[in-house]
Amino acid sequence: MNELNLEALNTEYAAKSAEDAIRHAVEKIGISKITLASSLSIEDQVLTDMLLKIDFRARIFFIDTGRHFQKTYDLMDETMERYGFNYEIYAPSHEDLEAMVSRHGANLFYESPELRKKCCEVRKVKPLKRVLSTVGGWICGLRRDQSQTRQEINIFEWDSNHSIYKINPIAFWSEEQVWEYIRKYNVPYSSLYNNGFRSIGCQPCTRAVKPGEDVRSGRWWWESPGKKECGLHVSGHGDTNIIN
Ligand code: SF4
């Protein structure tokens, strides 16, 4: 795999399209060594559409925490049917899950930030580590204006937590730009968005938000804003940022 000059790439691709950034990453890292993390959010659906149009062999993975909305599983079927591909599915270890739920109960995330993070670690972070150990780069749908924990992300980054490249092709997009793309290409999206949801994650930890509220305010709403990430996205500065 070629080494990427992140500073130069971020300067160059700030003026180019998201598709250009994806195309460059695929070319440099290799189609079998790069993967898209999808939670079936509108951002990930846009990237799925772009990536599969660039190369139909693209790898796209989904972490099945076991606690997703039924509508998310329905949208997975619809998306696979539409584009003719299969998600790579990663699930928590049954030993970890059995030990955690036996000790702390099925709703431990509401008990304390520590137990919420433990649940995210078992159901999301550990499966993520498994998939990322197989690639040299991952593509994510993070955007700067999603939350205060995502203000400094760039298009091309080094993910020191997993020792691979991380590409955020729509880092500078607004939510409205995402919707414009969805409408323009008739990309399938979750009907939860029609009911006030603006970020999709596990069902017990996601709720609709009111107009004007932060996009991520419907996630772990019982915790303070600075702590609202689940450990999937950790910045190069060592701050814990997450995946959906
Ligand atoms: S989002 Fe909630 S249910 Fe999902 S892994 Fe994290 S704490 Fe557990």
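Everything discussed here concerns the structure shown above.
Residues numbered from 1 in each chain as written. Predicted model: local features only at pLDDT ≥ 70, side-chain atom pairs only at ≥ 80, totals over all residues.

## Concerning the site of the ligand
- By nearness alone, 13 residues border the ligand, and C119, C120, R123, C202 and C205 come closest of all.
- Among the residues forming the shell around the ligand, the class breakdown is seven nonpolar, two polar and four charged. (Near = placed C-beta within 6 Å. Nonpolar A, V, L, I, M, F, W, Y, C, P; charged D, E, K, R; others polar.)

## Focus on the sheet that holds strand β4 (residues 137–139)
- Within the open sheet, the six strands sit side by side as β3-β2-β1-β4-β6-β5. Their pairing is mixed. The open sheet terminates on both sides in strands that have one partner only, identified here as β3 (88–90) and β5 (156–159). Along the sheet, successive strands turn relative to each other by an average axial angle of 30°, direction set aside.
- Relative to β3, strand β2 (residues 59–63) runs parallel, the two being bridged by three bridges. When the bridges of β3 are listed, I63 appears paired with Y90.
- Sitting on the sheet, helix α3 (residues 42–54) touches β1 (34–37), β2 and β4, and the angle it makes with β1 is about 150°. (Pairing = 2+ DSSP bridges. Helix = DSSP H or I, 4+ residues; strand = E, 2+ residues; numbered from the N terminus. Axes fitted to C-alpha atoms, helices over the stretch in contact; angles between N-to-C directions. Contact = placed C-beta atoms within 7 Å.)

## A few points about the packing of α3 against helix α7 (residues 175–185)
- At a closest axis distance of 10 Å, the pairing of α3 and α7 adopts a crossing angle of 50°. Classified by the angle between their axes, α3 and α7 sit oblique to one another. In this structure, the crossing between α3 and α7 has a hand that is left-handed. Taking contact as the criterion, the partners of I42, E43, Q45, V46 and D49 in α3 are, on α7, V178, Y181, I182 and Y185.
- When the residues that make up the contact of α3 with α7 are grouped by side-chain class, the tally is six nonpolar, one polar and two charged. (Parallel < 35°, antiparallel > 145°, perpendicular 65-115°, else oblique. Left-handed = near helix turned anticlockwise from the far one by under 90°.)

## Here's the deal with the nonpolar core
- One finds I22, A25, V46, L51, W138 and I139 to be the most contacted residues of the largest nonpolar core, which totals 48 residues.
- Those residues in contact with A25 that lie beyond four places of it in its chain are I34, G137, I139 and I167.
- L75, L192, F197 and I200 belong to the second largest nonpolar core, which has five residues in total. (Core = buried A, V, L, I, M, F, W, Y, C linked by C-beta atoms within 7 Å. Buried ≥ 20, exposed ≤ 12 C-beta atoms within 10 Å, placed from the backbone.)

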